[in-house]
Amino acid sequence: MTSQNAPIKVDIWSDIACPWCYIGKRKFEAGSGLFAGAGEDRDVEVEYHSFELSPDTPVDFEGGEADFLARHKGIPAEQAQQMLDRVTSIAASVGLHYDYDNLKHTNTVLAHEAAHFAKEHGKQLEFTERLMKAYFVEGRHVGRVDELASLGAEVGLDPEELTRALEAHTYVNDVREDEQLAASYGIQGVPFFVIDGKYGVSGAQDADTFAQVLEQVWHLRNEENTEVPA
Amino acid sequence: MSGLTPLQPLGDPNAEQCIDGVCEVPTPAPAGEATPAR
């Protein structure tokens, strides 16, 4: 039984280099805001988890995102560009201005390690947002230690301590544990939202849908807590 | 890890997501047809 007054726990699996994850983040934030505004005792606690969409990506990929999709995923260049144009348009609809012309496609494992460092230092939510903005909007290279340390400093992390942790790969096992847990849940794509450890929501749902799902879980909790044992 | 309770799916099963590095947008279906799976 979950305490009626405890926040609803939402575990989110995502990758920094996942366009739907950043869009889904915005929509989830809007949806959880709607849910929280619907009444008292509607709190949500969020924890992000690592998921690498393309762990075979080199740190320094020569070429743009469409080139990557063409070379690594076998998608014709014209179709890849159309996909990027569509996702850019949808991102703009939630206030995110993706800049694929300047995006630095890279391996994201080091960024995930940095995110675990941020989690341990109480800055996970701020740093996750900073990473995604850096990657999709600002064209920053999130596969490099110096860039990650600089971004970490912007959210109040110690850049020297973060640099040491990244060079020693202190948090790589935390990344792997997140990915193993995702596999145990059967998660194949991201973003993916696990609510109260019992309910699974896949993809960048509309804000209204997120709000409805949270409301549904909140009511299910209340029903559990008011059931009289036989 | 084993022994996890299977998750109960909620929400729209066709919401956009990235799988294996590919993040295709579902193509809107013509009127009267179901939305194609990605």
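Quick look at the structure, then. (Residues numbered from 1 in each chain as written. Chains lettered and ligands numbered in written order. Predicted model: local features only at pLDDT ≥ 70, side-chain atom pairs only at ≥ 80, totals over all residues. Heavy atoms only, no water.)

**Digging into the nonpolar core**
- Counting 54 residues, the largest nonpolar core has Trp13, Phe127, Leu131 and Val142 of chain A as the members making the most contacts within it.
- If we skip the residues at most four places from it in the chain, Leu131 of chain A touches Ile16, Ala111, Ala115, Val142, Leu148 and Leu151 of chain A. (Core = buried A, V, L, I, M, F, W, Y, C linked by side-chain atoms within 4.5 Å. Buried < 20%, exposed > 50% of the residue type's maximum accessible area, 1.4 Å probe, protein only. Contact = heavy atoms within 4.5 Å.)

**Overview of the sheet that holds strand β1 (residues 8-9) of chain B**
- With mixed pairing, five strands are arranged side by side in an open sheet as β2(A)-β1(A)-β4(A)-β5(A)-β1(B). Each edge of the open sheet is held by one strand with a lone partner, namely β2 (44-50) of chain A together with β1 of chain B.
- Strand direction decides the pairing type here: strand β5 (residues 199-202) of chain A and β1 of chain B, joined by two bridges, are parallel. From the neighbouring strand, Gly200 of chain A faces β1 of chain B, where its bridge partner is Pro9 of chain B.
- Seen against the sheet, helix α1 (residues 19-36) of chain A touches β1 (8-14), β2 and β4 (192-195) of chain A and runs at an angle of roughly 165° to β2 of chain A.
- Sitting on the sheet, helix α5 (residues 124-136) of chain A touches β1 and β2 of chain A, and the angle it makes with β2 of chain A is about 55°. (Pairing = 2+ DSSP bridges. Helix = DSSP H or I, 4+ residues; strand = E, 2+ residues; numbered from the N terminus. Axes fitted to C-alpha atoms, helices over the stretch in contact; angles between N-to-C directions.)

**Thoughts on the packing of aromatic side chains**
All names here are of chain A.
- A full pass over the atoms with the stated rule returns twelve aromatic pairs over all chains.
- Seen from their ring centres, Tyr98 and Tyr100 are 6.0 Å apart, and the 80° between their planes marks the pair as edge-to-face. Assigned by exposure class, Tyr98 and Tyr100 land together as buried.
- Ring geometry for Tyr98 versus Phe136: centroids 4.5 Å apart, planes at 15°, classification stacked. Of this pair, Tyr98 sits in the loop between α3 (77-93) and α4 (109-120) while Phe136 sits in helix α5; the two residues are 38 residues apart in sequence, bridging distant segments of the chain. For the residue pair Tyr98 and Phe136, the accessibility class agrees, reading buried in each case.
- Here Arg42 stacks its cationic end above the ring of Trp218, 3.7 Å away from the centre of that ring. (Phe/Tyr/Trp six-rings, centres within 6.5 Å; stacked < 30°, edge-to-face > 60°. Lys NZ or Arg CZ within 6 Å of the ring centre and 35° of its normal.)

**Looking at the interface of chain A and chain B**
- Taken together, the contact between chain A and chain B spans 35 residues of the former and 20 residues of the latter.
- Across the chain A/chain B interface, buried area totals approximately 2300 Å², and carbon plus sulfur atoms make up 61% of it.
- Linking chain A to chain B there are one salt bridge.
- Between Asp20 of chain B and Lys73 of chain A there is a salt bridge, with its nearest N and O atoms 3.6 Å apart.
- Here chain A is connected to chain B by eight residue pairs in polar contact (both at pLDDT 80 or more).
- Looking at the side of chain A that touches chain B, the elements that each hand over two or more residues are α1, α2 (65-73), α3, α8 (172-185), β3 (189-190), β4, β5 and α9 (207-226) of chain A.
- Tallying contributions element by element places α3 of chain A first for the side of chain A that touches chain B, with five residues.
- Taken together, the residues of the side of chain A that touches chain B sort by class into 20 nonpolar, twelve polar and three charged.
- Inspection of the sheet shows β3 of chain A paired to strand β2 (residues 18-19) of chain B by two bridges, in the antiparallel sense. What sits directly across from Val190 of chain A, in β2 of chain B, is Cys18 of chain B. (Buried area = accessible area lost by both parts, 1.4 Å probe. Salt bridge = Lys/Arg side-chain N within 4 Å of Asp/Glu carboxyl O. Polar contact = N/O pair within 3.5 Å; in protein donor to acceptor, adjacent residues only side chain to side chain. Nonpolar A, V, L, I, M, F, W, Y, C, P; charged D, E, K, R; others polar.)

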